[in-house]
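# Structural overview
Listed below, chain by chain, are the residues.
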Amino acid sequence: MLGKLIEARSLMAVGVVSLSAAILSACKQPSASKPTPAMELSGHAINFAIPPQFHDGSDFSDGMAMVYKSKKIRYINRQGQMLALQFNQEYPFSEGLRRFLQGGRWGYLNKQGKIAIKPQFAEAREFSEGLAAVRQGDRWGFVNKRGQMVIPPQFVVFKNFSEGLAAVKMSSRWGYINNRGEVIITPQFLETSGFHDGLAWVKTKSKEGYINRQGELVIQTPYSVGVFHEGRARVKIFDKFGYIDKWGQLVIRPQFSIAQDFSEGLAQIQVENKYGYIDKQGQIVIQPQFVKALNFSEELAPVMVGNRWGYINPQGQIVIHPQFVSARKFSEGLALVCPRLRSCGYIRHPLKAKPAG
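Report on the accompanying structure. (Residues numbered from 1 in each chain as written. Predicted model: local features only at pLDDT ≥ 70, side-chain atom pairs only at ≥ 80, totals over all residues. Heavy atoms only, no water.)

### Overview of the state of the cysteines
- Enumeration over the complete set of coordinates arrives at 1 disulfide.
- In this model Cys 338 forms its disulfide with Cys 344; the gap between the sulfur atoms is 2.0 Å. In this structure, the disulfide formed by Cys 338 and Cys 344 twists by about 95 degrees around the S-S bond and is classed as right-handed.
- Taking the relative accessible area as the measure of exposure, Cys 338 reaches 4% and is therefore buried. (Disulfide = S-S within 2.5 Å. Buried < 20%, exposed > 50% of the residue type's maximum accessible area, 1.4 Å probe, protein only.)

As structure tokens, then:
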């Protein structure tokens, strides 16, 4: 019933948007304007909060990071102190709780290392929006942070909650539930994504596009698409990437061999084997010149010049001179860098100048 309602609304009231008609007009728009070359910005010395000593590591989340040292996985806090592990398998924190395995059953620990939810589940996942998926038998349900089963096990497959809804698979179709377990969008899709910017990508036998939180198909497209970030979603047309807006309009014409999601107002793109960045209007604001590049995070982005990584700001200025064999984005004011292979530590954000703690 809801499937018919979606189709009727999308054709009559909502107005399904086709990208085909937009391609010709969008292809006429300019795509570049006064690209900015990378420039050196002096005065920012490297400040290690945690000296190089690890073979590898992860971004910080909830004040913790996972590191690899002496062939073992360990967890550290922002001061670089190793956390004592009580169990053989413990995972990073998510919303203040971390999964652990004891006696073949999964439970959750709090930040004080005490058991918050006793081990009782066949499988368990990280918390998202206050709920975590757990498996009992061959079905998945969701528990809250007190360990109460607020959505009974009944799903074959699931995706984490995002923007108040979670995609779940019943029999052979995907639909969406709210945090009380109520079916908000009837299972009818072959494939789905989580909600981002109020929209979720879905696919049926005859069509694919984006639905809103009411289950209405508001954008229909035959092209390969991504999820929305900051009001833009990638589309791939004739082996080139461009972007659409939340009304389905092609706002940046397909022209890039590689393009990534927007982050902090900018997106990485590749032109002639070099990476640069565009803004939401499709203007190249940082000239393609880097061997590799990653997303902006906390106003800095890791870029590779030659065979070394450094960091630039949104104006394309080099804030940290390329000197690392590898580098990650900043998270919680710290970033993992490796001056040499298998010798990695965490540096402080040079523009924030706040001590770790």
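That covers the picture; the talk isn't over yet.
### A closer look at the pairing of strand β13 (residues 149-155)
- As judged from the 3 bridges shared by strand β12 (residues 139-143) and β13, these two strands associate in the antiparallel manner. Counterpart to Val 143 in the pairing with β13 is Met 149.
- Joining the antiparallel neighbours β12 and β13 is a turn of 5 residues, in which Gly 147 adopts a positive phi near 85 degrees. (Pairing = 2+ DSSP bridges. Helix = DSSP H or I, 4+ residues; strand = E, 2+ residues; numbered from the N terminus.)

### Structural notes on the pairing of strand β17 (residues 183-189)
- In terms of strand pairing, strand β16 (residues 173-177) meets β17 through 3 bridges, oriented antiparallel. Counterpart to Tyr 176 in the pairing with β17 is Ile 185.
- Here β16 folds back onto β17 in antiparallel fashion, the turn holding 5 residues, of which Gly 181 has a positive phi close to 85 degrees.

### Considering the environment of Tyr 223
- Among the structural elements, Tyr 223 can be located in the loop between β21 (217-220) and β22 (224-225).
- Classification of Tyr 223 by relative accessible area gives buried; the value is 15%.

### Looking at the packing of aromatic side chains
- For the structure on display, the rule yields 12 aromatic pairs.
- Here Phe 60 and Tyr 346 contribute two aromatic rings whose centre-to-centre distance is 5.0 Å and whose plane-to-plane angle is 75 degrees, an arrangement assigned as edge-to-face. Separated by 286 residues along the polypeptide, Phe 60 in the loop between β3 (56-57) and β4 (64-69) and Tyr 346 in strand β36 (residues 343-348) bring together distant segments of the chain.
- Taking the relative accessible area as the measure of exposure, Tyr 346 reaches 1% and is therefore buried.
- With centroids separated by 5.6 Å and ring planes inclined at 55 degrees, the aromatic side chains of Tyr 91 and Trp 106 adopt a geometry described as tilted. A residue pair is termed long-range when its members are at least 10 positions apart, and Tyr 91 in the loop between β6 (89-90) and β7 (98-102) and Trp 106 in strand β8 (residues 105-109) qualify at 15 residues.
- The partly exposed category is assigned to Tyr 91, whose relative accessible area is 28%. (Phe/Tyr/Trp six-rings, centres within 6.5 Å; stacked < 30°, edge-to-face > 60°.)

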